[in-house]
Amino acid sequence: MKSNESNSQDFLAQAVDLATANVLRKGGPFGAIVVTADGQVFEGINRVTANNDPTAHAEVTAIRNACASLGTFDLSGATLYTSCEPCPMCLASSLWARVEKIYFAADRHDAARAGFDDAAFYEYFDTPVELRPLPVRQLEPGAVDALAPFNAWNALETRIDY
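Quick caveat: nothing in here was measured; it's all calculated off a predicted structure.

### Here's the deal with the environment of W153
And then number 1: Structurally, W153 can be placed in helix α7 (residues 148-155).
And then number 2: W153 sits in the partly exposed class, given a relative accessible area of 30%.
And then number 3: Apart from the residues within four sequence positions on either side, W153 is in contact with R159, I160, D161 and Y162.

### Side note on the packing of helix α3 (residues 58-70) against helix α4 (residues 88-96)
Relative placement of two packed helices is described by the angle separating their axes and the distance separating the axes.
And then number 1: Where α3 meets α4, the closest approach of the two axes is 8 Å, and the angle between their N-to-C directions is 20°. As the angle between them shows, α3 and α4 are arranged roughly parallel. Between α3 and α4 lies a crossing of left-handed hand. Of the residues in α4, those touching α3 at E59, V60 and I63 are M89, C90, S93 and S94.
And then number 2: Split into classes, the residues belonging to the contact of α3 with α4 amount to 4 nonpolar, 2 polar and 1 charged.

Calculation rules
For every chain, the first residue of the written sequence is number 1, and numbering continues from 1 along that sequence. Given that the model is predicted, a residue must reach a pLDDT of at least 70 before its local features are reported, and side-chain atom pairs must reach 80 or more before they are shown or counted; all residues, however, enter totals for whole chains, interfaces and linings. The basis for every side-chain value is the complete set of heavy atoms in the structure, and neither hydrogens nor water enter the calculation. Numbering of helices and strands starts at the N terminus; helices are DSSP runs of H or I of at least 4 residues and strands are runs of E of at least 2. Each residue gets one of three labels from its accessible area relative to the maximum for its type: buried under 20%, exposed over 50%, partly exposed in between, using a 1.4 Å probe on protein chains only. Two residues qualify as a contact provided that any one of their heavy atoms is within 4.5 Å of a heavy atom in the partner residue. An axis is simply a line fitted to the C-alpha atoms; with a helix, the fit covers only the stretch in contact. Between two such axes, the angle follows the N-to-C directions and lies from 0 to 180 degrees. For classification purposes, an angle smaller than 35 degrees is called roughly parallel, one larger than 145 roughly antiparallel, one from 65 to 115 roughly perpendicular, and anything else oblique. Rotating anticlockwise by less than a right angle from the far helix to the near helix defines a left-handed crossing, while the corresponding clockwise rotation defines a right-handed one. Side-chain classes are defined by residue name, with Ala, Val, Leu, Ile, Met, Phe, Trp, Tyr, Cys and Pro counting as nonpolar, Asp, Glu, Lys and Arg as charged, and the others, Gly among them, as polar.

Below you can see the structure in the form of structure tokens.
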């Protein structure tokens, strides 16, 4: 039986191979693998330009594939292997999915040298709210009951907490 480190290297190599092959299928140079706690494997590739979907990053598609196949939004115990360091969106998606660990090959600086510079996204969260280039502000709702959706949620006996 292979060691966990050896298995990890194999999954990481698989993610890199997916990324490389995806380039030839009009996708971005990114690939990802979700491995569940019980060893099930789900792949994801970057389809941003192929699908005109800015959220179709490899990590997100791997998470979507795993969750859809397993019928759950909770990937507790899973490991994500990705060809490149996850951007903030992919990292947040991994946190929402309750992924336990992430391993990556190339880092954000390698990606930037290839034309995929996520520095602005990392810097966005380090910038004071009032100076951020994309203004995100709470608007006083006026006659709108801003808490109505949350009150309805909390009153719903059949809700599925996440």
